[in-house]
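Listed here are the chains, written in short residue letters.
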Amino acid sequence: MDLKKRSLEALDWPFMTAELASHACTAAGRQASRQIEPLRDRQAIEQCFDAVEEILALRDAQTAAPPLAGIGDITEALAAAARGDMLELEDLRAAGETIAALAALARFLRLHVASAPALLELGAGIDLDTELCSTFESAFDEHGELCGKAYPAIGELRRRMAALERRTRSLMESLLDSPEYAELLQDRYVTLREGRFVLPIKAQAKGLGLGIVHDASRSGQTVFLEPSSIVPLGNQWRIAEAGLRAEERRVRAELGGLLKRHADALDRALKAATAIDLACARAAFALHLDAVRPLLGNNGVIELRLARHPVLALGDEEVVANDLSLSAERPVLLLTGPNAGGKTVALKTIGLCALLLRAGCFVPAAPGSRVDLFTEVLADIGDQQTVHEGLSSFSAHLATLREMLSSAGPGTLVLLDELASGTDPSQGGALARAFIEHFADSGARVVATTHYAQVKAMPAEDPRVEIAALEYREGKPTYRIVPGMAGESYALAAASRAGIDETLIARARTLMGDAELALHEALSALDAERERSESAKRRAEQAAASLAERESLLAERERQIKRRAREIAEAEAKDFIDRLRAAEREVREALTTLRLQPSEKQATAARAAIRKARPAADLPDPPKRQQVPQRPARPGERVRISKLQATGEVLAVSAEEVELRVGSMTLRVKPGEIELLAGAGPARGPANYSAGKRAKAAAASNHSPDKRAKAAPVSRHSTGEHAKGAAASQHSTGEHAKGAAASQHFPDERTKAAAASLNRALRMPGN
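This structure is a prediction, so every number in the text was calculated from the model and none was measured.

A. View of a negative patch on the surface. A grouping of Asp-73, Glu-76, Glu-90 and Asp-91 is seen on the molecular surface, where their side chains present a negatively charged patch. Here Asp-73 is to be found in the loop between α4 (42-60) and α5 (75-83).

B. Up close: the pattern of salt bridges. Under the definition given, this model contains 34 salt bridges. As a salt-bridge pair, Asp-50 and Arg-293 come within 2.9 Å of each other at their nearest N and O atoms. Here the residue Asp-50 occupies a position in helix α4, and Arg-293 occupies one in the loop between α11 (263-289) and β5 (302-307), the gap between them amounting to 243 residues. A residue is classified by how much of its surface remains accessible, and Arg-293, at 24% relative accessible area, is partly exposed. In this structure, Asp-441 and Arg-464 form a salt bridge, with 2.7 Å as the shortest nitrogen-oxygen distance. Taken as a pair, Asp-441 in helix α15 (residues 425-441) and Arg-464 in the loop between α17 (458-461) and β12 (465-473) lie far apart in primary sequence, 23 residues in all. Look at Asp-441 and you get exposed, because its relative accessible area is 55%. Beyond isolated ion pairs, a larger network of salt bridges with shared partners links Arg-158, Arg-238, Glu-241, Arg-245 and Glu-248.

C. Geometry of the environment of Phe-197. Tracing the backbone through its elements, the reader meets Phe-197 in strand β2 (residues 196-202). By relative accessible area, which is 6% here, Phe-197 ends up buried. Sequence-distant contacts of Phe-197, defined by excluding residues within four places in its chain, comprise Glu-165, Thr-168, Arg-169, Met-172, Val-190, Thr-191, Leu-192, Leu-225, Glu-226 and Pro-227.

D. Geometry of the packing of aromatic side chains. Per the stated rule, a full pass over the model turns up 1 aromatic pair. Arranged with centres 5.4 Å apart and planes meeting at 70°, the rings of Phe-49 and Phe-362 form a pair that is edge-to-face. Taken together, the residues Phe-49 in helix α4 and Phe-362 in the loop between α13 (343-358) and β8 (370-371) connect sequence positions 313 residues apart. Assigned by exposure class, Phe-49 and Phe-362 land together as buried. If you follow Arg-193 out to its NZ or CZ, it ends over the ring of Phe-224, 4.2 Å from the centre.

What counts, and at which threshold
Residues numbered from 1 in each chain as written. Predicted model: local features only at pLDDT ≥ 70, side-chain atom pairs only at ≥ 80, totals over all residues. Heavy atoms only, no water. Patch = residues over 30% accessible without salt bridge, like charges linked within 9 Å, V, L, I, M, F, W, Y side chains within 5 Å. Areas by Shrake-Rupley, 256 points an atom, 1.4 Å probe, with all protein chains shown as cover. Salt bridge = Lys/Arg side-chain N within 4 Å of Asp/Glu carboxyl O. Lys, Arg positive; Asp, Glu negative; His and termini not counted. Charge placed at Lys NZ, Arg CZ, Asp CG, Glu CD. Helix = DSSP H or I, 4+ residues; strand = E, 2+ residues; numbered from the N terminus. Buried < 20%, exposed > 50% of the residue type's maximum accessible area, 1.4 Å probe, protein only. Contact = heavy atoms within 4.5 Å. Phe/Tyr/Trp six-rings, centres within 6.5 Å; stacked < 30°, edge-to-face > 60°. Lys NZ or Arg CZ within 6 Å of the ring centre and 35° of its normal.

The structure is reproduced here in structure tokens:
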């Protein structure tokens, strides 16, 4: 018994290698895929994985895959050349095409050395001599014949033969129309017999001495005659042909000798190209399987996430993915559940993933999966009953298990399907448990499927054993693995689904022992409770998902509101800045006019422009000054002149006018045009006049209208001084407007600051 071969066949490994071979480009690559040897070195596996990832990356970058087309299997031709045999022209042509393809592959690898170093390492053996490549590159023409340019003698002989052929055909066609052959021709055409141009003539004319007969028809009614006038040309053609054949043999020998000298280098190059072809096949196979690069270790760990059975994954049907694990702490995994529920599929999934890793291939699982390197994968799956050896199913299983016991140990993965089945359940269960314990003691990793209650009870007593159940819901299997559960076999339910009479099923239930019935009911109740728990869990997850969705919607709505608020604030700020600038222009224009034409009229116009600008800039009115109860002003008091926006000291008071001192000027205004200032008192220092002087000034004022007229320029001068101050205020306002515009991205603070600044700039008495 070949245990390794039987294990591979039990796991459908030949089918997997055939699928891998279908993705290879060369004959040698296909053969290597079908006969792929397991890798036993972790570094070698990682190098294979690196090469696969590089090929996939080249494809993702829309870079052409390594060029392998044209690489033929020329090993036999190389062996013949090494023996000194004369190679046929087609063998040399195939060798030339292969050499050119190998050279192109080497150029590709050198071109992509930065992005594909692992591929370059695989192709390191492709190191061909320049003379070899150039000679074979020029040796053949586009028709696959030896090139006349590369070998001038061959070209000259071909041209001579072509000229003789044209001349001969021309003469032969002229004989077809000659009277000499008019009655002798059996048909009107020119053909070749034994390399000679001949005419088909009637058999009775062959003795007329017209030429040489080279052949006859099957009926004997026609003979093929080479006319005597054509014979010399035919002889020349045959001589040229013989020369051509001799020259071709010489060239073939020369090319064969070149292959002989470089046979070892070509053999290494072919092996390197085969390795690259195998890497490309692995990459294409990974795409077909939707496989990923697994993590790799040497500790006997398997941690498959959402793993799919590789054979099923290659089909068109949807495959249920499951999590499967083995570790040093839990080296045994028991799979329980109903028949046809997916236990064997899960068992084979683990075994095939371990074999794929040893073949340098990715595994059909989710990213983050781990498969450690196992030196041996041993499987006992299926019925191995044999008639010629006189073995029953149970005996065949025992024979396989005996070999497994001697082979299993650290680094071994043991797969057991329905262990110790086909015998008495109580004894079979005990035997199965003993086998599992022995394999675990040996350091092997064990995956077993079982229906035995004794085996299902192992996790409660042995911490090395993990159990899982294949889910059975609503009367049918779901093929989903539930870890930590001991699954019910559901044999009675299966019988009911198969259409067995319910009375028979009821009778079978009554015949079950008390312990078996209790276990059956307990497992059924546990499954029902688990189903209710999972249903509640699904509802909770759905509610949580719905709540999360609503929270997401509310958060998005809040973001939209905040974004809209920012947009509105920015729009309002922009509108404010625009109004601010418009107000600034109006104030600037009014003050400019006042500066150029200082007068009471222009001052009034400026105040009107400022009052108009304030609401345009949406500024609050300046606070009103405290009003002092009006009474007649007395000499020496300080008052404010409303029209001129200036303050001065009262010099004299009469019923019709008040004489004031403003700076160094003396003004006369009506009593209603002044306001007493709060806390005003007599002026101090040089500004005070004596009572006599004030009386004299008042008398002079009452009798000198010309002096009053002379006071007007003083008023204009005062107004001009005020305009200069307002212009300075305007400059300050302009600078603030620039600052407000610069801070328009912070509308709340900017708006307050700009409004306050403009208010200060425009806050002039009386505005």
